[in-house]
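# Fold and contact review
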Amino acid sequence: MSAEMLVSLLLTTMTAATPLLLAALGELVVERAGVLNLGVEGMMLTGAVSGFAIMSLTGNPALAILTAVAAGALLAAIFGFLVLSLMSNQVATGLALTIFGTGLSALIGTGFTGRPVPGLAKLPVPVLSAIPLVGRLFDQDALVYLAIVAVAAIAWFLKSTRGGLVLRAVGEADLSAHSIGYPVLRIRFLAILFGGAMAGLGGAYLSLAYTPMWVENMTAGRGWIALAIVVFAAWRPWRAAGGAYLFGGITVLQLYLQGSGLLPIPPQLLSMLPYLGTILVLTLISSGPFRARFSPPACLGKPFRPPT
Amino acid sequence: MRAMSPIPSIKPAPRLEARGITKRFGALAANEAIDFAVEPGEIHALLGENGAGKSTLVKILYGLLQADEGEMLWNGRETRIASPRAARALGIGMVFQHFSLFEAMSVLENVALGLDRPGPGLAERVRDVSRTYSLPLDPDRMVSTLSIGERQRIEIVRCLLQSPRLLILDEPTSVLTPQEADALFGTLRLLAADGCAILYISHKLDEIRALCDRATILRGGKVVGRCVPAETPVRQMAQMMIGSGLRDAVAKTTRPAGAVRLKVQGLDLPPATLHGTALRDIGFELRAGEILGIAGVAGNGQGELQQALSGERPVRQADAVMIDAVPAGDRDAAWRRRRGLCCVPEERNGHAAVPEFSLIDNAFLTAHDRADLVSRGLVRRDRARALTRRIIADCDVRAAGPDAAAATLSGGNLQKFILGRELAQDPAVLVVAQPTWGVDTNAAAAIHQALVGLAEAGGAVVVISQDLDELLMLSDRIAVLQGGTLSATLPTDGLSSEHLGLLMGGAGAAAAP
């Protein structure tokens, strides 16, 4: 494999990892606040189609991205109302959100299938992008950079700010947070909105940059992989970045292997790799010695009813 | 002393005065026209049984609940406490009964969460306060690694950092060793001497006599009396607190000890949860007619011991637990129950009983074998119903009937029902954990009577409890569980709670003066 080839693989890994990372970061914040939203796939699809529709109608990428973010947040707001105000079951509601989002995106997207749009513009980083060979890695679209900045920002927020401390407290012991006087439900609602916005953004990356087009169900399970990455990352932002790049890398590698024909393995088996990886990782970290070190927020998935 | 003397001409306003506080939940008045006042520098007791309305009142004072009627005066000025934040802004600090702490976070983070403006140099200020009031605390430790006493210190330090003018403590000693409680009293007296008003909520009369200047007594949501505890006989305070029909505590009797019914040797068990305690080399013998008390501060392996004895978590080694000389260590709970080992775990809702199930279904769940409630794989509803009725009648359980859901019973009544269910199975060995936790005095006396009755009938009883008075009253012998190991069993006669307290604090505390 030539150096040129390696850089190409790295480059595609970054683009493949970006939507996973954006969605996983959003879900990570939601889960740190103690809420499990399994609707990531649905929110990503809705974001993808909304962004694509606006791009196709107006040609304005900023407006398209904002619309995708708003669409994801809107779907999340429905979820938040159901699980926080009406105290519905989080798992069932999340699954329903995915089904709803899948159907809704197909409906919105009927007129847009097969229409071409221009991809997001590349923003070369000054100096770095001029380096021969690896310079290509610093010539990407804005969302790739944003995803990496978001990792640092969220890690800093959770670790070093008061807001992050309170958010973690709400996910760790909701009753304690309530009795000290923190508005548990409001904090959780804001976290859910943020998670939806990030999932919408991840979806928009798919339909505007990764493959600039709309196809029904185009997320192809990436929402579920994002959920797995959150667990894999043990609810820590930098590990989520590692996880997203690892899964992105596997995806790209299996495409490369399929294309190269180097290995006598049926392509169907290779396509399974990212999903097999997900199952393997989840099995590993939920068993034995790993378990203690990867403990989830103590209130994850539990509804909170303010006591009287 | 202050309020009892004639009112001086220029009397400073009370720190906090409540007038006519009323709070209703539906038809139930949890608080009804409650008046009381706490003076600066005074330690004021709020005394009452479970369900007397103490917790509701405290939540109103701390802004967690809003009163339906009545007014509050802070230093003589009318005020409204809309939220815990508003309470803290006034200068009210609160130490909760069930701590408001976050296990997976550090001491420092926990303190910061309780402050509205943590500010810089917090770690240093935490060290300062803990030195001044002798509340040793390491800001960098994780809460999950701390003992209950240390956790309570976090709550207190968190309040003290805000220089409170009124400190509220809700049943603070229910989880402490006698020595830890004494240290707490020292801190509180120091605070009161600084002019802080202290509202001390408890149902432990001895403590209140030792610590408090005045007491307001609640019953059924109303103020039923006020007194100076040091000048009032305990029995009179108890009478005010409970009303008519104060049951006498069970009298100590000696019973002849029979054959060994339960033998535990070399029992090891890994912790049940991430923050649990491993059991190491537990051993004791229990004879027919005996009651063995297991003392210890919560979190020293009580949960694990209950699971190991009941069979919820069997071990490899069969002879680690022997029931009537039959190896049972590797057998599960159902097998042990058939052999006559019954168990009443600590957690009533969700462990001992299914809250949503009827009493009949709950009776069936453990009694189906020994009370013969199944025939050819089918549930015999009629027999289960008859059994449930019998338990309700025999144990004086206040419930709407056998079809009432377990969750609709009060804590004391559900506990009486659960104990009755196990007694109805005529157990050879009964393991009970925290039998009277959160149970009113009369129900507690009935539960104690039932346990003694079982021992008199030739049963063997293990009582795991944090309540030393309970253990000293019931048990023939007591052993202390500390850090997952069990001390030698000591005869109760001649044993003092101070001696037990030292054992509960571990070797380190025993060496200290």
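Let me begin by describing the structure that accompanies this report.

Reading guide: rules and limits
- Residues numbered from 1 in each chain as written.
- Chains lettered and ligands numbered in written order.
- Predicted model: local features only at pLDDT ≥ 70, side-chain atom pairs only at ≥ 80, totals over all residues.
- Heavy atoms only, no water.
- Helix = DSSP H or I, 4+ residues; strand = E, 2+ residues; numbered from the N terminus.
- Rg over C-alpha atoms; globule rule 2.2 N^0.38 Å.
- Buried < 20%, exposed > 50% of the residue type's maximum accessible area, 1.4 Å probe, protein only.
- Contact = heavy atoms within 4.5 Å.
- Areas by Shrake-Rupley, 256 points an atom, 1.4 Å probe, with all protein chains shown as cover.
- Pairing = 2+ DSSP bridges.
- Axes fitted to C-alpha atoms, helices over the stretch in contact; angles between N-to-C directions.
- Buried area = accessible area lost by both parts, 1.4 Å probe.
- Salt bridge = Lys/Arg side-chain N within 4 Å of Asp/Glu carboxyl O.
- Polar contact = N/O pair within 3.5 Å; in protein donor to acceptor, adjacent residues only side chain to side chain.
- Nonpolar A, V, L, I, M, F, W, Y, C, P; charged D, E, K, R; others polar.
- Phe/Tyr/Trp six-rings, centres within 6.5 Å; stacked < 30°, edge-to-face > 60°.

## Here we look at the overall build of chain A
Looking only at helices and strands, chain A has 13 helices and two strands in total. At 20 Å, chain A has a C-alpha radius of gyration in line with the 19 Å of a compact globule built from 308 residues. With the C-alpha coordinates of chain A rotated into their principal frame, the extents come out at 65 × 50 × 45 Å. The burial tally for chain A puts 51% of its 308 residues in the buried class. Of the contacts formed within chain A by residues at least 6 apart in sequence, a portion of 75% connects residues at least 24 apart. Carbon and sulfur atoms make up 74% of the accessible area of chain A, which totals about 13,300 Å².

## Side note on the sheet that holds strand 2 (residues 28-38) of chain B
Residues and elements named next belong to chain B. An order of 2-1-4-5 is seen for the four strands of this open sheet, with the pairing classed as antiparallel. The outermost strands of the open sheet, each flanked by one partner alone, are strand 2 and strand 5 (77-79). Averaged over all adjacent pairs, the angle separating strand axes in this sheet is 30°, with direction ignored. Examined bridge by bridge, strand 1 (residues 16-25) and strand 2 share seven bridges and lie antiparallel to one another. Residue pairing in the sheet places Arg-24 in a bridge with Ala-29 of strand 2. Seen against the sheet, helix 1 (residues 54-61) touches strand 1, strand 2 and strand 4 (69-74) and runs at an angle of roughly 60° to strand 2.

## Looking at the interface of chain A and chain B
Every contact between the two is made by 17 residues of chain A and, on the other side, 24 residues of chain B. Taking both sides of the interface into account, the surface hidden between chain A and chain B amounts to around 1,600 Å²; carbon and sulfur atoms contribute 65%. When the buried area of chain A at its contact with chain B is split by residue, A:Arg162, A:Ser179 and A:Ile180 rank highest and sum to 34% of it. On the surface where chain A and chain B come into contact, there are one salt bridge. For B:Glu109, the salt bridge goes to A:Arg168, with nearest N and O atoms at 2.8 Å. Our count for the chain A to chain B interface comes out at six residue pairs in polar contact (both at pLDDT 80 or more). Those elements giving two or more residues to the side of chain A that touches chain B turn out to be helix 6 (162-172) and helix 7 (174-180) of chain A. Per-element accounting of the side of chain A that touches chain B gives the leading share, six residues, to helix 6 of chain A. Class assignment of the residues belonging to the side of chain A that touches chain B gives a composition of eight nonpolar, six polar and three charged.

## Examining the packing of aromatic side chains
Residues and elements named next belong to chain A. For the structure on display, the rule yields four aromatic pairs over all chains. Here the aromatic rings of Phe-52 and Phe-112 are separated by 6.4 Å at their centres, their planes lie at 85°, and the arrangement is edge-to-face. Of this pair, Phe-52 sits in helix 2 (residues 40-58) while Phe-112 is found in the loop between helix 4 (90-109) and strand 1 (122-124), placing the two residues 60 residues apart along the sequence. Among the residues examined, Phe-52 registers a relative accessible area of 0% and is labelled buried. The exposure class assigned to Phe-112 is buried, which follows from its relative accessible area of 11%. Here Phe-232 and Phe-247 contribute two aromatic rings whose centre-to-centre distance is 6.2 Å and whose plane-to-plane angle is 80°, an arrangement assigned as edge-to-face. With Phe-232 in helix 9 (residues 222-232) and Phe-247 in helix 10 (residues 237-260), the pair connects residues that are 15 residues apart, well separated along the chain.

## Observations regarding the sheet that holds strand 8 (residues 197-202) of chain B
Residues and elements named next belong to chain B. Read from one edge to the other, the open sheet built from six strands follows the order 6-7-8-3-9-10, with strand pairing classed as mixed. Strands with a single pairing partner mark the edges of an open sheet, and in this sheet they are strand 6 (92-95) and strand 10 (222-227). Neighbour-to-neighbour, the strand axes of the sheet open up by a mean angle of 20°, direction not taken into account. In terms of strand pairing, strand 3 (residues 43-47) meets strand 9 (residues 214-219) through four bridges, oriented parallel. Bridging across to strand 9, Ala-45 finds its partner in Ala-215. Each of strand 6 and strand 7 (166-170) touches helix 5 (residues 148-160); the most contacted strand, strand 6, lies at about 175° to it. Along the sheet face, helix 6 (residues 178-193) touches strand 3, strand 7 and strand 8 and points at about 150° away from the line of strand 8.

Geometric values such as these leave the question of function open.
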